[in-house]
Amino acid sequence: METVVKLTEQSVIGEINSVLDTYPYQPYQQTFAIPDLRQELISFVIQRLPGFNSQIADSLLINDDDKVNSFHNKLSRHPLEQKIHLQKLIHQGISSIIRDKSDWISNYLCETIEPNCQTSYWFG
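Residues numbered from 1 in each chain as written. Predicted model: local features only at pLDDT ≥ 70, side-chain atom pairs only at ≥ 80, totals over all residues. Heavy atoms only, no water.

A. Fine view of the overall build of the protein chain. Secondary structure summary: the protein chain contains 7 helices and 0 strands in total. Secondary structure of the protein chain in N-to-C order comes out as α-α-α-α-α-α-α. Entry remark: accessible area of the protein chain is about 8,600 Å², with carbon and sulfur atoms responsible for 51%. (Helix = DSSP H or I, 4+ residues; strand = E, 2+ residues; numbered from the N terminus. Areas by Shrake-Rupley, 256 points an atom, 1.4 Å probe, with all protein chains shown as cover.)

B. Representation of the pattern of salt bridges in the model. All told, the structure shown has 2 salt bridges when counted by the stated rule. In this structure, the salt-bridge partner of E40 is K101, at a minimum N-O distance of 3.2 Å. One end of the pair, E40, is in helix α3 (residues 35-47); the other, K101, is in the loop between α6 (79-100) and α7 (102-113), and 61 residues separate them in sequence. Since its relative accessible area comes to 31%, E40 is described here as partly exposed. Accessibility expressed as a relative area gives 29% for K101, which makes it partly exposed. Of the charged contacts in the structure, one is a salt bridge between D100 and R99, with a shortest N-O distance of 3.7 Å. Take R99: its relative accessible area is 56%, and that puts it in the exposed class. (Salt bridge = Lys/Arg side-chain N within 4 Å of Asp/Glu carboxyl O. Buried < 20%, exposed > 50% of the residue type's maximum accessible area, 1.4 Å probe, protein only.)

C. Region of interest: the packing of aromatic side chains. In the structure shown here, the tally under the stated rule is 2 aromatic pairs. Judged by centre distance (4.8 Å) and plane angle (50°), the ring pair of Y23 and Y28 falls under tilted. Residue classification places Y23 among the buried residues on the basis of a relative accessible area of 17%. Classification of Y28 by relative accessible area gives partly exposed; the value is 25%. The residue whose ring lies beneath R48 is F44, and the NZ or CZ to ring-centre distance is 3.6 Å. (Phe/Tyr/Trp six-rings, centres within 6.5 Å; stacked < 30°, edge-to-face > 60°. Lys NZ or Arg CZ within 6 Å of the ring centre and 35° of its normal.)

D. Examining the packing of α3 against α6 more closely. Interaxial distance between α3 and α6 falls to 9 Å at its minimum, and their mutual angle equals 135°. When the interaxial angle is binned, α3 and α6 end up oblique. Once α3 is placed against α6, the crossing between them reads as right-handed. For the pair α3 and α6, contact is made by L37, E40, L41, F44 and V45 and by L86, L89, I90, Q92, G93, I94, S96 and I97, respectively. Class assignment of the residues belonging to the contact of α3 with α6 gives a composition of 9 nonpolar, 3 polar and 1 charged. (Axes fitted to C-alpha atoms, helices over the stretch in contact; angles between N-to-C directions. Parallel < 35°, antiparallel > 145°, perpendicular 65-115°, else oblique. Left-handed = near helix turned anticlockwise from the far one by under 90°. Contact = heavy atoms within 4.5 Å. Nonpolar A, V, L, I, M, F, W, Y, C, P; charged D, E, K, R; others polar.)

E. Region of interest: the nonpolar core. Of all hydrophobic cores here, the largest spans 22 residues; its most connected members are V12, I16, F32, L41, V45, I90 and I94. Elements represented by at least two residues in this core include exactly α1 (2-20), α3, α6 and α7. When near neighbours in sequence (up to four residues on either side) are disregarded, I94 contacts V19, L20, Y23, Y28, F32 and L41. (Core = buried A, V, L, I, M, F, W, Y, C linked by side-chain atoms within 4.5 Å.)

F. Layout of α6. Taking 1.5 Å as the rise per residue, α6 with 22 residues should run 32 Å; its terminal C-alpha atoms sit 31 Å apart, in good agreement. When α6 is considered as a whole, its buried residues turn out to be L86, L89, I90, G93, I94, S96, I97 and I98. (Expected span 1.5 Å × (residues − 1).)

Written out as structure tokens, the structure is:
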């Protein structure tokens, strides 16, 4: 059952890439090119999938059939609904992370793009 967890993560990562492609490069794609923030977005989404939390993830690795069946029963059986729900979670994660870490992101991107991109006081 470890395969289920890996496939879920791979699916989430693929969908995150697709959703991020619809966002402008600056600041969204730049922000989530930062490995720590990319991982935070992946975790944000996976933790909010219906019936998928750390306890169930641990249970899947133990191979407990009853818990695996209850895990599958909580997910929609319609692929389009699953995809829309996943995209909604990704958009929420992007918004949440950008909002919560806006100052850090701004400083980080400013430093990596141009070390001295502070506002100039030279013009008075």
